[in-house]
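Residue strings, one per chain:
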Amino acid sequence: MPPMTTIPFSRPTPFRWSGLSKHLHPLKQRPRMLFALLHTQANPELPTFHYQNSLPRLPLPPLRQTFDRYLQTLEPFFALEQENGGESISSARTKRREWARQFEDDLGAKCQERLQELQNSAPYNWLDDSFWLKKAYLETRSSLLVNSNWWLALQDDVQVPGPIRLSPNPPPFNDWQLRRAAWVIKRMLHFKKRIDQQTLPPDITRTAPLCMSHYKRMFNMTRIPKQGCDILHKAHEGDPSSQQITLLVNGHMFLVDVYDTSGDICSLDTLVQRLRACTLEAQCEVIPVAILTADDREIWAKNRDHLASLSPSNGQNLSSD
């Protein structure tokens, strides 16, 4: 599916990340230092996924160690309960330790045995390979908005003229906004290109390389709502939608081609023209169907199925989400 890019058509605002453009403002000193710590030993000559097959397996902690850490996290609650006139810390601690011992000798031992079987059979990671993605994300029924979706903190571009930048009601879809949006899109596509060509250096800390598998899910992937459990769909290079982005403007949704016929990223001027064409077409009011995606996943799954059943064109349009 096309990579989802949400363009905030309000005030023109650039990324805070340094290095994206000569016009962007550098990060403050402390974030730059933290970023440097993460990439201290990065080697630009190594491909992005160079270390993937050599990463250490996720260890399976002993059951007793898990219980000890769990009981330790309860200590603040014991103190709060005692302070509020409830059970004493020593009594509460003794009770929980006994419960932990009973669980460890019975059901806990069986659960640990099952986890050990997963550890032995999982190709890379007993947690993620087996059930983490499904249980922690895809089966979660809460709205993705706020609860799961990533977001970007943006700031005003001081190069935008003051009357536009400082106005509480700037002209809608002005040239400054469209150009900033086009720059964001173009930079994101360049970042995608580096991942596809594996020219993005592996993330490395001072002590060890980090897993880079999540980079494979950053673009051309969408989460489709299904009752009980969502599914992930990834558009591959042969899919026309892998050459497009989804643009939301005033409740309208557009598929925008962002590559030329040669497969190269469109020029900035071309992107601006295509964004402007979308904004001109989005002047009329429309039923804001996109807002349904912010609902509970179970409700959105049912509504999506209902919309798809109303007409073939609905089904085709929804297959592009």
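Going along each chain's sequence as written, the residues are numbered from 1 onward. Given that this is a predicted model, residues contribute local features only at a pLDDT of at least 70 and side-chain atom pairs are listed and counted only at 80 or more, while totals for whole chains, interfaces and linings are drawn from all residues. Excluding hydrogens and water, the side-chain values take into account all heavy atoms of the structure.

Novice: Could you clarify how one ought to interpret the pattern of salt bridges in this entry?
Specialist: Should their charged atoms come close, side chains of opposite charge can pair. Just to be clear on terms, a salt bridge is a Lys or Arg side-chain nitrogen sitting within 4 Å of an Asp or Glu carboxyl oxygen. According to the stated counting rule, one finds 17 salt bridges in the structure shown. One salt bridge in this structure joins Lys135 and Glu139, with 3.3 Å as the shortest N-O distance. With its nearest N and O atoms 2.5 Å apart, the salt bridge here joins Arg180 to Asp157. Taken together, the residues Arg180 in helix α9 (residues 175-196) and Asp157 in the loop between α7 (144-147) and α8 (162-165) connect sequence positions 23 residues apart. Secondary structure elements are defined from DSSP: runs of H or I of at least 4 residues count as helices, runs of E of at least 2 residues count as strands, and each element is numbered from the N terminus.

Novice: Before we go on, may I ask you to explain the packing of aromatic side chains in this structure?
Specialist: Geometrically, a pair of aromatic rings is defined through the distance of the ring centres and the angle of the planes. Here a Phe, Tyr or Trp ring, Trp counted by its six-membered ring, pairs with any other such ring whose centre lies within 6.5 Å, and the pair is stacked when the planes are under 30 degrees apart, edge-to-face when over 60, and tilted otherwise. Evaluated as defined, the whole model comprises 3 aromatic pairs. On the numbers, 5.7 Å between centres and 85° between planes, the contact of Phe67 with Phe103 is edge-to-face. Taken as a pair, Phe67 in helix α2 (residues 63-73) and Phe103 in helix α4 (residues 89-105) lie far apart in primary sequence, 36 residues in all. Only protein chains enter the accessibility calculation, which uses a 1.4 Å probe; a residue is then buried when its area is under 20% of its type maximum, exposed when over 50%, and partly exposed in between. What makes Phe103 partly exposed here is its relative accessible area of 35%. Between Phe191 and Tyr215 the ring centres are 6.3 Å apart and the planes differ by 40°, which places this aromatic pair in the tilted class. Here the residue Phe191 occupies a position in helix α9, and Tyr215 occupies one in the loop between α9 and β1 (221-224), the gap between them amounting to 24 residues. If you follow Lys216 out to its NZ or CZ, it ends over the ring of Phe49, 4.7 Å from the centre. Only when the NZ of Lys or the CZ of Arg is both within 6 Å of the ring centre and within 35 degrees of the ring normal is a charge said to sit over the ring.

Novice: What should I look at first to understand unusual backbone geometry in this one?
Specialist: A negative phi holds for most residues other than glycine; trans holds for most peptide bonds. With a phi angle near 75°, Val146 is a residue other than glycine that sits in the positive phi range. By the element assignment, Val146 lies in helix α7. Not every positive phi belongs to a glycine, and Gln198 is a case in point at roughly 55°. On the basis of relative accessibility, which here comes to 32%, the residue Gln198 falls in the partly exposed class.

Novice: I keep staring at the environment of Arg297 and nothing clicks. Help me out?
Specialist: The topology assignment puts Arg297 in helix α11 (residues 297-310). On the accessibility criterion, Arg297 (3% relative accessible area) is buried. Placed 155 residues apart in sequence, Arg297 and Ser142 show a C-alpha to C-alpha distance of 6.0 Å. Not counting residues within four places of it along the chain, the set of residues in contact with Arg297 comprises Thr140, Arg141, Ser142, Leu144, Arg223, Ile224, Pro225 and Asp230. Contact between two residues is taken to exist if any of their heavy atoms lie within 4.5 Å; hydrogens are not considered.

Novice: When you look at the pairing of strand β3 (residues 244-249) in this model, what are you seeing that I'm missing?
Specialist: When a strand is regular, its side chains alternate between the sheet's two faces. Taking burial as the measure, the 6 residues of β3 include 5 buried ones, the bulk of the element. For β3 and strand β4 (residues 252-257), the ladder comprises 6 bridges, and the chain directions are antiparallel. What sits directly across from Gln244, in β4, is Asp257. If you look at the hairpin formed by β3 and β4, you'll find 2 residues sitting between the two strands, and Asn250 has a positive phi there, around 50°. Pairing between strands is defined by DSSP: at least two bridges between the two strands are required.

Novice: Could you clarify how one ought to interpret the nonpolar core in this entry?
Specialist: Within soluble globular proteins, side chains that are nonpolar generally end up buried alongside one another. Nonpolar cores were defined as sets of buried Ala, Val, Leu, Ile, Met, Phe, Trp, Tyr and Cys residues, with membership established by side-chain atoms within 4.5 Å. Counting 21 residues, the largest nonpolar core has Ile185, Leu247, Phe254, Val256, Val258 and Leu275 as the members making the most contacts within it. Listing elements by their share of this core, those giving two or more residues are α9, β3, β4 and α10 (268-281). With residues near it in sequence (within four places) discarded, Phe254 still touches Ile245, Thr246, Leu247, Val249, Cys278, Glu281 and Ala282. With 8 residues, the next largest nonpolar core counts Phe49, Met188, Ile195 and Met212 among its residues.

Novice: Hey, could you run me through the layout of surface pockets in this one?
Specialist: Unoccupied space between atoms shows up once a probe the size of one water molecule is rolled over them. Here the second largest pocket is characterised by a volume of approximately 540 Å³. What lines the second largest pocket is a set of 22 residues, and nearest its centre among them are Lys192, Asp196, Asn220, Glu237 and Tyr259. Residue contributions to the lining of the second largest pocket peak at 5 residues, all from α9. Following the grouping adopted for this structure description, the nonpolar residues are Ala, Val, Leu, Ile, Met, Phe, Trp, Tyr, Cys and Pro, the charged ones are Asp, Glu, Lys and Arg, and the polar ones are all others, Gly among them. For the lining of the second largest pocket, the per-class residue count stands at 9 nonpolar, 6 polar and 7 charged. Think of a 1 Å grid over the protein atoms and nothing else: a 1.4 Å probe that fits but is trapped marks a cavity, an open set flanked by protein within 12 Å on at least five of seven lines marks a pocket, and residues with an atom within 4 Å of a point count as lining. Grid points are joined across faces, edges and corners, and a volume is the space filled by probe spheres set on the points.

Novice: Is there a simple way to explain the packing of α4 against helix α5 (residues 107-121) in this structure?
Specialist: Packed helices, taken two at a time, are described by the angle their axes make and the gap between the axes. Throughout, an axis means a line fitted to C-alpha atoms (over the contacting stretch in the case of helices), and angles, computed between N-to-C directions, take values from 0 to 180 degrees. Their axes nearest at 3 Å, the elements α4 and α5 cross at an angle of 55°. By the angle between their axes, α4 is oblique relative to α5. Touching Phe103, Glu104 and Asp105 of α4 are Leu107, Gly108 and Ala109, all from α5. Of the residues belonging to the contact of α4 with α5, the class tally is 3 nonpolar, 1 polar and 2 charged. Angle categories: roughly parallel below 35 degrees, roughly antiparallel above 145, roughly perpendicular from 65 to 115, and oblique for all the rest.

Novice: I'm lost on α2 in this one. Help?
Specialist: Side chains of residues three or four places apart in an α-helix project in the same direction, reflecting 3.6 residues per turn. For α2, the full list of buried residues reads Leu63, Phe67 and Leu71. End-on view of α2: buried residues confined to an arc of 70°, all on one side of the axis. In this structure, α2 carries Arg69 and Gln72 as exposed residues pointing more than 90 degrees from its buried face. Buried-residue contacts for α2 involve α3 (75-83), α4 and α5. Note that the arc is defined by the directions from the helix axis to the C-beta atoms.

Function cannot be inferred from these measures alone, as they are strictly geometric.
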